[in-house]
Amino acid sequence: MTGTAGALDGVRVLDLTQVMAGPYCTMLLADLGADVIKIESPEGGDQTRTSMGTPRPGSDTPAFHALNRNKRSVTLNLRTDADRAEFFRLVADADVVVENFRPGVTDRLGVGYEAVREVRPDIIYASISGFGQYGPYADRPGYDLIAQGMAGAVSVTGDPDGPPVKCGLPVGDLGAGMLCALSIAAAHVHRLRTGEGQYLETSLYEAVLAMSVWESVEYFAGGEPPQRLGSAHRMSAPYQVVRTKDGHATIAANNQRLWLRLCEALDLQHLADDERFATNTDRMGHRAELIALLEGRLAATSTESCVAQLLEAGVPAGPILDYGQILDHDPHARARGMVEEYDHPVDGRSRVVGFPVKLARTPATLRRHPPVLGEHNEELLGKEPELTADEELLGKKPELTADDDAGSGSVTWTRHAVPGTDTYAAHLTLANPDRRNALTLHMYDQLERACQEIDADPDVRLTVLRGAGGRAFAAGTDIREFRDFASGDDGVAYERRVGLAVDRLAGMRMPVVAVVEGPAVGAGSALASCCDVVLCTPDAVFGAPIGRTLGNCLAPAMISRLYAGLGRARTLRALLAGRLITATEAYESGFVADIVDPADLDERLAHLTADIARCAPLTLAALKEADRRVLAAAAPGPAEDLYARVYGSRDFGEGVAAFLEKRKPEWEGR
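Residues numbered from 1 in each chain as written. Predicted model: local features only at pLDDT ≥ 70, side-chain atom pairs only at ≥ 80, totals over all residues. Heavy atoms only, no water.

A. Quick look at the overall build of the protein. Assigned secondary structure in the protein consists of 29 helices and 21 strands. Taken along the three principal axes of its C-alpha coordinates, the protein extends 95 × 65 × 50 Å. Taking all 670 residues of the protein together, 47% fall into the buried category. The contacts of the protein with a sequence gap of at least 6 include a subset with a gap of at least 24, amounting to 70%. Accessible surface, the protein: about 32100 Å² in total, of which carbon and sulfur atoms supply 54%. (Helix = DSSP H or I, 4+ residues; strand = E, 2+ residues; numbered from the N terminus. Buried < 20%, exposed > 50% of the residue type's maximum accessible area, 1.4 Å probe, protein only. Contact = heavy atoms within 4.5 Å. Areas by Shrake-Rupley, 256 points an atom, 1.4 Å probe, with all protein chains shown as cover.)

Take a look at the structure:
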């Protein structure tokens, strides 16, 4: 993930949509940099959180994740005056509102265009529906299947002798979403020029009909409704799927030059002289005979050989790949950034299809995981956590702990098969993305448990540790954890708890690879120093500038590990001067194994993971133990007296207060 500013950076979108067309529209805007606030019902939120697939307990469905990255979520019941007032408070700072209710619903809720324009006159308000806001079909339910059927797509999809078939992709939903996003961007340009907002609307029906370019041409020209042609093209031949020895290939010889090349490449020059195939019109009139002859020639040729042969001759051709081949193995999809990964606080490391347009100056980015329902209520609305059913019955609020107040964060792990082996890699994710993955006590406890669970899995050959969001590995400890420290004893207890998690990571049975993107500061450096191999991006930094920020202390064990990786002189200079160590310095000292461009990071990690996974498991474990024994020879003793001294000082309290108030601390030396 990256934090690069997008083309729509600074544009705020209120998203009243759910299911597919609307969420796809707003996701495209979010990918381009817009701040999209998803407004959901408190009673379950977007339907796709629980439908369109079967989620794990406590999780949202993959369908929801696929359409809602880069957004923030708040819960509002727009049927109540109080929550409607909150909505209009958000409208005051918004640029765009997008909704996909049935026509008239937003007006009945009191959040239609006219009501919104009263608060924000220059608002861009977009509606997506099944059939539009007016017309004889306007009140019909808006489903992709129905729109495809009523806008002609189903009538022309399928084999000539078979039944009508809907298009495999939801072209109505996705097409309406894309057209709406394009029109919102156009309306935004108009507002930048004139200061005027506007209302715009489109529909699934119109999206499908607008895509009927060749079909409408055929009807307008000949007066006969187009028929089903299977995979064949309406305006040229041969341009379709053909059968080969071991499967199918696609051939696109859609002009005379390519037709002649095809004949030569397949040693079918006699067809070039056949009057049935002399021109494109002739070939279309004798399409069935032509395809039969081509498939007869290819019956002894594999798909791979057919495609290679035609491409060598300059004839467009390709194999038919399934989504497993594309999303897991296709090098072009990977090179084009069409498979991206993100870290989710509940589901861990996940994959998603990337943004399909490459903007040189303002690239689309994956910045936020799909939000948990109401995840940003406190941030955007100032709402306190909802009571549980039991707490509501008891008539009390939940007790707010330091972990809860700090947002708690999460540490999750998932098991991933390593291609080419029969083993697995554990992907361990630090997730507190709104605080650059700063660690809370809750997260330290989860980290300790995760390490135990991974070690107990005999099929895991290595662990990959990385931070969620791609903008930070771990920016230290969440400083809000320290607000309630009353004495040095609190600091001692804190360091003991942290030490258990850090030592557990350092003691992992199998190798641990740290992937450091951005800051690995304080606790982040501690965790990275426990790992056996560290890959980092050029913007990574290491160290613990606590001498000029908090005024607390580092565990001797952490300092020892930093000495081992960065060297005593470099480590002490950084600690005593309160400065950070760059990726280049860390690489030169041997702390970092390699500095990798973000675009190449996943590929480099995949190669390293595969190399480690192929090694003998007993050797991997023995090397880890040997490394621990070398480090243990110089391991320092306990330092509880140091912890008590600094955590119990007035300077530590001042450091925490100054950090949270974003000012420089004023040290007293006591």
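Moving on, there is more to tell.
B. View of the packing of helix α1 (residues 21-31) against helix α7 (residues 171-194). Taken N-terminus to C-terminus, the directions of α1 and α7 make an angle of 40°; their axes are 8 Å apart at the nearest point. One way to sum up the angle between α1 and α7 is to call them oblique. In the packing of α1 onto α7, the handedness of the crossing is right-handed. Residues A21, Y24, C25, L28 and L29 of α1 pack against D173, L174, A176, G177, M178, C180, A181 and I184 of α7. Residues of the contact of α1 with α7, tallied by class, amount to eleven nonpolar, one polar and one charged. (Axes fitted to C-alpha atoms, helices over the stretch in contact; angles between N-to-C directions. Parallel < 35°, antiparallel > 145°, perpendicular 65-115°, else oblique. Left-handed = near helix turned anticlockwise from the far one by under 90°. Nonpolar A, V, L, I, M, F, W, Y, C, P; charged D, E, K, R; others polar.)

C. Just unusual backbone geometry, in detail. Cis geometry is adopted by the peptide bond preceding P238, which originates at A237 and carries an omega value of -5°. Relative to the helices and strands, P238 resides in the loop between α9 (213-222) and β7 (239-243). Positive phi outside glycine occurs at D267, with the angle close to 55°. The class for D267 is exposed, based on a relative accessible area of 56%. A positive phi angle is found at N437, which is not glycine, with a value near 60°. With respect to the helices, strands and loops of the structure, N437 is situated in the loop between β13 (424-431) and α20 (441-455).

D. Structural detail: the nonpolar core. L430, L465, F473, L505, V516, L527 and F542 are the most contacted members of the largest nonpolar core, which totals 55 residues. Here this core takes seven residues from α20, the largest share from any one element. When near neighbours in sequence (up to four residues on either side) are disregarded, L465 contacts L428, L430, F473, L505, V512, V513, A514, V515, L527 and C531. Counting residues in each nonpolar core, the second largest holds 29 residues, with A30, V96, I128 and A147 among its members. (Core = buried A, V, L, I, M, F, W, Y, C linked by side-chain atoms within 4.5 Å.)

E. Quick peek at the environment of R108. Turning to its location among the elements, R108 is positioned in helix α4 (residues 105-109). Once the C-alpha coordinates of R108 and R79 are considered, the two residues, 29 residues apart in sequence, prove to be 9.3 Å apart.

F. Local environment of the sheet that holds strand β8 (residues 248-252). The strand order β7-β8-β9 describes an open sheet built from three strands, whose pairing is antiparallel. The outermost strands of the open sheet, each flanked by one partner alone, are β7 and β9 (317-319). Adjacent strand axes in the sheet meet at a mean angle of 25°, parallel and antiparallel pairs treated alike. Pairing analysis gives three bridges linking β8 to β9, with the strands arranged antiparallel. Considered in β9, the bridge of A249 is made with P319. (Pairing = 2+ DSSP bridges.)

G. Region of the structure containing the pattern of salt bridges. Tallying each qualifying case throughout the model produces 34 salt bridges. In this structure, R84 engages D81 in a salt bridge whose closest nitrogen and oxygen atoms are separated by 2.4 Å. Here D81 and R84 lie together in helix α3 (residues 81-91), a separation of three residues that amounts to about one turn. In this structure D81 comes out as exposed when scored by relative accessible area, which is 59%. In this structure, E114 and R117 form a salt bridge, with 2.8 Å as the shortest nitrogen-oxygen distance. Of this pair, E114 and R117 are both found in helix α5 (residues 113-119), three residues apart, which corresponds to roughly one turn of the helix. For R117, a relative accessible area of 35% translates into the label partly exposed. Put simply, R12, D35, R72 and E379 are held in one network by salt bridges that share partners. (Salt bridge = Lys/Arg side-chain N within 4 Å of Asp/Glu carboxyl O.)

H. The arrangement of the packing of aromatic side chains in detail. Scanning all chains against the criterion turns up eleven aromatic pairs. For the ring pair Y125 and Y199, a centre distance of 5.9 Å and an interplane angle of 35° mean the geometry is tilted. Linking Y125 in strand β5 (residues 124-129) with Y199 in strand β6 (residues 198-203), this pair joins segments that are 74 residues apart in sequence. Take Y125: its relative accessible area is 1%, and that puts it in the buried class. Through successive ring pairs, a cluster of aromatic residues spans Y113, Y125 and Y199. Against the face of Y424 rests R415, its NZ or CZ located 3.8 Å from the ring centre. (Phe/Tyr/Trp six-rings, centres within 6.5 Å; stacked < 30°, edge-to-face > 60°. Lys NZ or Arg CZ within 6 Å of the ring centre and 35° of its normal.)

I. Examining the sheet that holds strand β15 (residues 474-475) more closely. A sheet is described by the order of its strands in space; here four strands give the open sequence β15-β17-β19-β20, paired in mixed fashion. Edge positions in the open sheet fall to β15 and β20 (581-582), since each of these has one partner strand only. As judged from the two bridges shared by β15 and strand β17 (residues 519-521), these two strands associate in the parallel manner. The residue bridging A474 from the neighbouring strand is A520, located in β17.

J. Spatial organisation of the side chain of S410. Checked against the element boundaries, S410 lands in strand β12 (residues 410-417). Apart from residues lying up to four places away in sequence, S410 is in contact with P345, T429, L430, A431, M443 and Q446.

K. Structural detail: the pairing of strand β1 (residues 12-16). Most of β1 sits inside the fold, with four of its five residues counted as buried. The sheet contact formed by β1 and strand β2 (residues 35-40) spans four bridges and is parallel. Bridged to L14 within β2 is I37. Handedness of the β1-α1-β2 crossover: right-handed. (Right-handed = clockwise from strand over helix to strand, strands pointing away.)

L. Representation of the pairing of β7 within the structure. Where β7 meets β8, five bridges bridge the pair, whose relative direction is antiparallel. Looking at β8, one finds that V242 is bridged to A249.

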